[in-house]
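# Summary of structural features
For reference, the chains in residue letters:
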Amino acid sequence: MQISFAPGAADAALLVLPVEKDGVARIGWGQLGEGAAPVAEAAATAHRFAGEAGATVELFVPAASGVRRVLLLGIGAGADKDWIKAGGALTAKLLTSATEATVDFAALATAPSAQAAARFAGAAAQRAWRHDIYRTTLPEAQKPTFAKLVLAAAPTGTDDAWTVQEAVTNGLELTRTLVAEPPNIVYPESFVERVRQSVDGLGLEITALGEEEMRSLGMGALLGVSQGSVRDARILALRWNGKGAGDPDLAFVGKGVTFDTGGISLKPGAGMEDMKWDMGGAGAVVGAMKAIAGRKAKANVVGVCGLVENMPDGNAQRPGDVVTSMSGQTIEVINTDAEGRLVLADVITWTQKTFRPKTIVDLATLTGAMIVSLGNEYGGLFANDDSLADALVAAGIATDDKLWRFPLSDTYNKLIDSPIADMKNVGPRGAGSITAAQFIQRFVDKDVRWAHLDIAGMVWSDKPGTTWDKGATGYGVKLLDRFVADRFED
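First, a word on scope: everything that follows refers to the structure included in this document. (Residues numbered from 1 in each chain as written. Predicted model: local features only at pLDDT ≥ 70, side-chain atom pairs only at ≥ 80, totals over all residues. Heavy atoms only, no water.)

### Some details on the overall build of the protein chain
Rule in force here: Helical segments are the DSSP runs of H or I of at least four residues, strand segments are the runs of E of at least two, and each set is numbered from the N terminus. Our radius of gyration is a C-alpha quantity, and the globule rule it is checked against amounts to 2.2 Å times the number of residues to the power 0.38. Contact definition: two residues touch when any of their heavy atoms are within 4.5 Å. Throughout, the Shrake-Rupley method with a 1.4 Å probe supplies accessible areas, and for residues the shown protein chains are the sole cover considered. Charge assignment in this entry is limited to Lys and Arg as positive and Asp and Glu as negative, and neither His nor the chain termini are counted. Taken as the charge centre is NZ of Lys, CZ of Arg, CG of Asp or CD of Glu, depending on the residue.
Of regular secondary structure, the protein chain possesses 14 helices and 19 strands. Relative to the compact-globule value of 23 Å for 490 residues, the protein chain shows a C-alpha radius of gyration of 24 Å, a close match. Expressed as lengths along the three principal axes of its C-alpha atoms, the size of the protein chain is roughly 85 × 50 × 40 Å. Of the contacts made within the protein chain by residues no fewer than 6 positions apart, 77% connect residues no fewer than 24 positions apart. For the protein chain, the computed accessible surface area is about 19300 Å², with 50% contributed by carbon and sulfur atoms. The positive charge centre, built from 47 side chains, and the negative charge centre, built from 58, are 2 Å apart in the protein chain.

### Section: the pattern of salt bridges
For side chains of opposite charge, pairing can occur when their charged atoms come near one another. Threshold: Think of a salt bridge as a Lys or Arg side-chain nitrogen and an Asp or Glu carboxyl oxygen that are within 4 Å of each other. Summary of the burial criterion: residues with accessible area below 20% of their type's maximum are buried, those above 50% are exposed, and those between are partly exposed, where the area comes from a 1.4 Å probe applied to protein chains only.
Scanning the model with the defined rule gives 28 salt bridges in all. Residue Glu 20 pairs with Arg 26 through a salt bridge whose shortest N-O separation is 3.4 Å. Of the residues examined, Glu 20 reaches a relative accessible area of 22% and is grouped as partly exposed. Arg 405 is paired through a salt bridge with Asp 386; the nearest N and O atoms lie 3.0 Å apart. Pair noted here: Arg 405 is in strand 15 (residues 403–405) and Asp 386 is in helix 11 (residues 386–399), with a separation of 19 residues, a long-range link.

### Details of the packing of helix 4 (residues 158–180) against helix 8 (residues 280–294)
Where we set the bar: Interaxial angles span 0 to 180 degrees and are taken between N-to-C directions of axes, which are lines fitted to C-alpha atoms, for helices over the stretch in contact. For classification purposes, an angle smaller than 35 degrees is called roughly parallel, one larger than 145 roughly antiparallel, one from 65 to 115 roughly perpendicular, and anything else oblique. When the near helix sits turned anticlockwise from the far one by under a right angle, the crossing is termed left-handed; a clockwise turn instead gives a right-handed crossing. Three classes are used, and their members are as follows: Ala, Val, Leu, Ile, Met, Phe, Trp, Tyr, Cys and Pro are nonpolar, Asp, Glu, Lys and Arg are charged, and the others, Gly among them, are polar.
The interhelical angle for the contact between helix 4 and helix 8, taken along N-to-C directions, is 155°, at an axis separation of 7 Å. The pairing of helix 4 with helix 8 is recorded here as roughly antiparallel in orientation. Our pair here, helix 4 against helix 8, has a crossing hand that is right-handed. On helix 8, the residues touching Ala 167, Val 168, Asn 170, Gly 171, Leu 174, Thr 175, Leu 178 and Val 179 of helix 4 are Gly 280, Gly 283, Ala 284, Val 286, Gly 287, Lys 290, Ala 291 and Gly 294. Considering only residue class, the contact of helix 4 with helix 8 consists of eight nonpolar, seven polar and one charged.

### Concerning helix 1 (residues 36–46)
Three- or four-residue spacings in an α-helix give side chains the same orientation, since the helix completes a turn every 3.6 residues. Inclusion rule: What the arc describes is the spread of directions from the helix axis to the C-beta atoms.
Within helix 1, the full set of buried residues consists of Ala 36, Ala 37, Ala 40, Ala 43 and Ala 44. Projected down its long axis, helix 1 carries its buried residues within an arc of 130°, all on one side. Turned more than 90 degrees off the buried face of helix 1, the exposed positions are Pro 38, Thr 45 and Ala 46. Looking at the buried side of helix 1, the elements it contacts are strand 3 (56–63) and strand 4 (66–74). Arg 48 lies just past helix 1 and shows a positive phi near 55°.

Quick look at the structure:
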């Protein structure tokens, strides 16, 4: 969606008037004249509209050319989250019924902050994303048409604030597209090429490893997952040096299983098609890195993705195999469907040896147990440092990418001890998300602050949300970007 700015709304064919809670009588009608007020008040009364955030009323009022289409848009109390809700609701309302609209901020007695206005525009643009490229028979009336939003009389500084929101929106679109694409289109090699093209010109340093390089580094855990697929594995690293030369202060690590059959421990057929989004952690990482680079964040950050396909051919990893990770630790593979932690084990080891970050945050659609625990409302958080956990929770609250913290302890750790190797890749049925996190922690250096985000229930939605339609949500991009802005930029 194109976002532009104008000094006024005189020529708007579709005029959007933001309305505070219980503020219909206080609307500033400007060039429409006070004659429009009775029409609006009658429409608001008929629809029981009182300016609640995201509520809308459509009406037509007299104009010099005959009539003008007007939309009253509730902004509630005018808090930032109210403006975000309003922006998403505006696009949901107009997505297939308008081509452009003008929002007249002069209609308000009290202008919002520039940040709130920019987040409103960001929410509107983010809600407009849809992935329809394979729908060749979609009726014209169902095709998105809403492509331009004009901000009239916006608060001073909104254009600069929009630059930041635009970068985040672009990152979200990359993530959602990667997550939504079918697995015959996005697989490890094509994932790398898609990202290269998408971030070209932003100043990110890109490193990609193939299987021969990973084999020479001893990545037996990751390559064990990949060995049943005809698609070669990849590691992709995107580095942003916003503060200049030096080791990154922070690394994001993403699980990128571009399709997960479960391997020999085959998943049930029903719903297996959803496993195209088992690379949602890697998708969030590259989207966040695009956002960070796009807004030129003053921080040194690296994003690393382990990209594999988990397939059950004659060469596939078997339950009972023992693999040696890059760290030298050995793993008894009890269940080949617990593959994401094997990928993260080697990618985290490589990230530490290559970039020496002081803080690591990994993201993974790791366990079905997390969906049992939290449903689709929160991502799970595990951390070895309280201040890191608190910072991530705060970023989640600020962006609505919410997190809920779970425990780590030696008691759970013992549940993944193996009688024939250093560890096994699954524990008992209980505490499945916790033992998965305990497994990953065994590959984190003692002096590194680390957090693990299990986002299994968050990267895909069967119903629309405030800033997304059904499908890929882009969860994690806003969370990571806000975490960097709040904690790693001077």
